[in-house]
Amino acid sequence: MSEKRGRVPGNEVDTSDVPPDDCGCDESCDVTAETATDTPEDTPEDEPANSPEDEPADKPEDEPANSPEDEPADKPADDAGTGGTDAFQRTEFGVPEMDCPSCAGKVESSVRGLDGIGDIDPRITSGRLTVEYDPKRTSVDDIRTSIERAGYDVTDEPTTRTLTLSVPEMDCPSCAGKVGNALDDVSGVVDYDTRPTAGNAIVTLAADADPASVVAAVERAGYEVTGTDAEEIDGSAADDGTDTSAESIWRSTRALKTWVSGGFLAAGITAEFFLGLELVVASLVGVSFTLAEVLYIVGAGIGGQAILRNGYYSARNRSLDIDFLMSGAILSAVTASLISPPTSLYFEAATLAFLFSVSELLERFSMGRTRDSLRELMDLSPDEATVRRDGVETVVPVEDLQLDDVVVVTPGEKIPVDGTVVTGESAVNQAPITGESVPVDKTPGDEVYAGTVNEAGSLDVRVESVAGDDTLSRIISMVEDAQANKTDREQFVERFSSYYTPLMVVIAVTVAAVPPIAFGLDWVTWFVYGITMLVLACPCAFVISTPVSVVSGITSAARNGVLIKGGTHLEAMGAVEAIAVDKTGTLTKGELAVTDVVPLNGNSEDDVLRCARGLERRSEHPIGEAIVSHADGANVADRNVTDFTSITGKGVRADLDGITHFAGKPDFFEELGFDLRHAHIAHQDGELTDEVRQLCDRQGCLNLVEDTIPRLQSEGKTVVLVGTEDELEGMVAVADEVRPDARETVEKLQSFGLSVVMLTGDNEGTARAIADEVGVDDFRAGLLPEDKVESVEGLLTEYGSVAMVGDGINDAPALATATVGVAMGAAGTDTALETADIALMADDISKLPYLYELSNQANSVIRQNIWASLAIKAVLAVGVPFGYVSVALAVLAGDAGMTLGVTGNAMRLARIRPDEADDSPV
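Residues numbered from 1 in each chain as written. Predicted model: local features only at pLDDT ≥ 70, side-chain atom pairs only at ≥ 80, totals over all residues. Heavy atoms only, no water.

> Explanation requested: a negative patch on the surface in the structure shown.
Among the surface-exposed residues, Asp383, Glu384, Glu399 and Asp400 lie close enough to one another that they form a single negatively charged patch. Relative accessible area serves as the criterion here: at 42%, Asp400 is assigned to the partly exposed category. (Patch = residues over 30% accessible without salt bridge, like charges linked within 9 Å, V, L, I, M, F, W, Y side chains within 5 Å. Areas by Shrake-Rupley, 256 points an atom, 1.4 Å probe, with all protein chains shown as cover. Salt bridge = Lys/Arg side-chain N within 4 Å of Asp/Glu carboxyl O. Lys, Arg positive; Asp, Glu negative; His and termini not counted. Charge placed at Lys NZ, Arg CZ, Asp CG, Glu CD. Buried < 20%, exposed > 50% of the residue type's maximum accessible area, 1.4 Å probe, protein only.)

The following block contains the structure:
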């Protein structure tokens, strides 16, 4: 039921790897520096890579950058309903007059006549037509016209609506099957998605369908609906759910009946085996009952009440599930005892009823723990907020907040919605959203997110998104949707279980019937063996082995600032062999900073910075902004600036305190007549004196052309010279800083056995310098966006499975091409949240090793759960005919034990922390 999200427009300018030295703009731009040489590799890297003249004339401006045809065939589809190819899109039409099979046939025939049509799904009960089509070969308007040509009006009125039901007792695949069967029989139900790990069902209804009929159908299947998202059902407001905590489960009515049942079973065992009482206390239709047998029957009746009730609903909904099998086993044991008086299987019936009830409680408890991981996300957002309107502060529900409202957040309170700080300063704990361990300082103009915690001062925050549309709500929604996207392993397990249960039932009947009939063996013994095999026919632990692991992994990641958009991506990330990493904004900060200040000819560093700031203060170029920012931080004195002029493509000129100064490229100063091969360094103990190759007879002379400038540029730095008409005063080097944790991150990824490849639009020299600094062995330089796609495709050919890490917007084509696309810094960014398969909410590359380790261990846990479930079932099944496995052992080990085991194993994923990542995955 998930809808494939759109990606980013293809006419976005790729500035992710813009070299800091040349912006590639028009002639009016201030360009104040250059790169190492004038080779073709040093052409402006930040020119829009997808500028109009580079694109096909017939390409629509808003065509998605990662259009489906650009994606590899083996990339997992985001939507199961795309007709098996990513080239198709899906659209829906309301056709209210299409109310019979004949009408549907005419509409389908008409639409089928168009070119580029995939699956067509006419649903006469809801008057809705779903069509899959290739947008390059036909359009929505063409489909609409073909429907009208068939004689049917098309309405834009909503034809469906979604109803979310809270069904906490639906906590296993068997339960979900019964609920699904019940919904199949409800008129107006178009589609549904049962989610036992979340305890809810998402039902798509026809617009005129009655939600109350849906609730009634689920309750007729034996499951209480504790809440819906409908405003009213049967005239009363919907509840918000029920308590599924451990205390509630163990003190529920089902639990009390189970304990009473266990008491009668224990009393019966005491009377029969410890006291040896053979006292007959009752007789019915000629059958006598001892005290122990009466106690067993009462225990079986009390403990088996819920089982038989659910078994009835299973039969009613044609579901061959564990409730039906256990009901059959209990009734068979009691019936066999009644029709063959010497035979007494009441003990087996009572044991089965009690232990299976305990197993059900344990399963509910285990599933409750899984649901708690998601519930913790939902509890991050406060229910109320203090809003200031017309100067009056009022406490209102968060849902009542409106755009541009100003909310007051005092120290210790959670921020209720996404917004912008209007007044106040404070440190905000953003860990719930981004996973950052250190609070982030917030001042007026800064963005804040719903669910984060105000640590210190009071903040006034302007509401930028209403409740339900904020970052936290989108995260919760995507985590919930991720649970619905079944992985390949989940689909395999479900297919396998559909054959496993019927096969085991056949085996159980064979075990119970063949030996007594064919070989004359004791029928009571083999009948009990048959009942035991029925217990083992339940595939619950096997079926939930994958989804509980996926839910645990996804919700654990979300709490640590990593949003994984589905179990498929979780599994895929843990299986990649290589990681392609964009340079700018990923390995580097994406912000220019001053790295070196070299004073010349008797000037000090402060003198150079004073001149450079005066010259660059009016420049809007990123290099100029970096110089001004650095000078401001150094608290150097101001200069009086007049007569500022930008010299196109070379630099800037201005009068500083009445003296003409220049700043710009080395070539610019050579044009001014400076001999850069003989520049006097101010301090011989300076940082760059080791670079001197040739000293003239004046000690301290640098050859800037052959030594210093190339050396700085080889380190990926841009050089800006500063001076007057007569004197070179100094030079400033600027570069995009490497993230402090970039090298450690790369080393951790490499320790996992991954190949790390850097992709960048920078020239070869800059790319090599950054690659050496962060420890990347392989890099690809001078890449346009389409070149990055080709590089990723090449890596896919070489390694088979590749993750691409970028900013989620400019790198969208490469992200879409990779097996897994990972976006950096997606908090508050709608596009990044929508485009990437995985989003790192904070701008923190150090989360990559955590993400890989979590995904890799999730794969290991899933494999362990699947094979352990199968192995235990197989061992128990083999032991049954030899008398080694009793009914009690089959229930405790094969059902309850394995359910607890796979759930507990899955919960281990929640213990993995970004700052505690091991150096080797499981």
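From this point on, the discussion continues.
> How do you make sense of the environment of Ala580 when you look at a structure like this?
Considering the arrangement of structural elements, one finds Ala580 in strand S22 (residues 578-582). Taking the relative accessible area as the measure of exposure, Ala580 reaches 0% and is therefore buried. In this structure the C-alpha to C-alpha distance between Ala580 and Met758, which are 178 residues apart in sequence, comes to 5.8 Å. Once residues lying within four places of it in the same chain are set aside, the contact partners of Ala580 are Val757, Leu759, Leu795, Val802, Ala803, Met804 and Val805. (Helix = DSSP H or I, 4+ residues; strand = E, 2+ residues; numbered from the N terminus. Contact = heavy atoms within 4.5 Å.)

> Honestly, helix H12 (residues 488-519) in this entry has me stumped. Any pointers?
One full turn of an α-helix is made of 3.6 residues, so residues set three or four places apart face in the same direction. Across its 32 residues, H12 extends 45 Å between first and last C-alpha, which sits within 8% of the 46 Å expected from 1.5 Å per residue. Of all the bends found along H12, the most pronounced is centred on Ala513 and spans about 30 degrees, while Pro515, a proline, follows it within four residues. Those residues of H12 lying buried are Glu490, Val493, Ser497, Tyr500, Thr501, Met504, Val505, Ala508, Val511, Pro515 and Pro516. Next to the buried residues of H12 lie helix H8 (322-339), helix H13 (523-536), helix H14 (540-559) and helix H26 (847-879). Looking one or two places after H12, you find Gly520, whose phi comes out positive at around 70 degrees. (Expected span 1.5 Å × (residues − 1). Bend = angle between axes of the 7 residues up to and from the residue.)

> Where do I start with the sheet that holds strand S31 (residues 755-759) in this structure?
Two orientations exist for strands paired in a sheet by backbone hydrogen bonds: parallel and antiparallel. One open sheet holds the 7 strands; their spatial order is S21-S35-S34-S33-S22-S31-S32, and the pairing between them is mixed. Each edge of the open sheet is held by one strand with a lone partner, namely strand S21 (562-564) and strand S32 (778-780). Averaged over all pairs of adjacent strands, the angle between strand axes in this sheet comes to 20 degrees, irrespective of strand direction. Examined bridge by bridge, S22 and strand S33 (residues 802-806) share 4 bridges and lie parallel to one another. Paired with Val581 across the bridge in S33 is Val805. (Pairing = 2+ DSSP bridges. Axes fitted to C-alpha atoms, helices over the stretch in contact; angles between N-to-C directions.)

> Please clarify how the nonpolar core should be interpreted in this entry.
Nonpolar side chains tend to gather and get buried jointly when the protein is soluble and globular. With 76 residues, the main nonpolar core has Leu165, Val214 and Leu352 as its most contacted residues. Viewed by domain, this core spans two of them, domain 2 (160-228) and domain 3 (249-326 + 336-350), each represented by three or more residues. Those residues in contact with Leu165 that lie beyond four places of it in its chain are Gly199, Asn200, Ala201, Val203, Val214, Val215, Val218, Val225, Gly227 and Thr228. Ala767, Phe779, Val805 and Ala858 belong to the second largest nonpolar core, which has 48 residues in total. (Core = buried A, V, L, I, M, F, W, Y, C linked by side-chain atoms within 4.5 Å. Domains from an automatic or database assignment.)

> How should the sheet that holds strand S1 (residues 89-94) be read in this particular structure?
The strand order S1-S3-S2 describes an open sheet built from 3 strands, whose pairing is antiparallel. At either end of the open sheet lies a strand with only one pairing partner, and these are S1 and strand S2 (117-123). For this sheet the average axis-to-axis angle between neighbouring strands, irrespective of direction, equals 15 degrees. In terms of strand pairing, S1 meets strand S3 (residues 128-133) through 6 bridges, oriented antiparallel. When the sheet's bridge partners are listed, Glu92 is paired in S3 with Thr130. The strands that helix H2 (residues 140-149) touches are S1, S2 and S3; relative to S1, the one it contacts most, it runs at about 35 degrees.

> How should I be thinking about the packing of aromatic side chains in this particular structure?
Both the distance between ring centres and the angle between the ring planes are used here to describe each pair of aromatic rings. Tallying each qualifying case throughout the model produces 12 aromatic pairs. With centroids separated by 5.0 Å and ring planes inclined at 85 degrees, the aromatic side chains of Trp526 and Tyr529 adopt a geometry described as edge-to-face. Placement of the pair is Trp526 and Tyr529 together in helix H13, with a separation of 3 residues, close to one helical turn. Considered together, Trp526 and Tyr529 belong to a single accessibility category, that of buried residues. Between Phe662 and Phe668, the aromatic rings sit 5.8 Å apart at their centres with planes inclined by 75 degrees, giving edge-to-face as the arrangement. With relative accessibility at 5%, the residue Phe668 sits in the buried group. (Phe/Tyr/Trp six-rings, centres within 6.5 Å; stacked < 30°, edge-to-face > 60°.)

On their own, these measurements won't tell you what the molecule is for.
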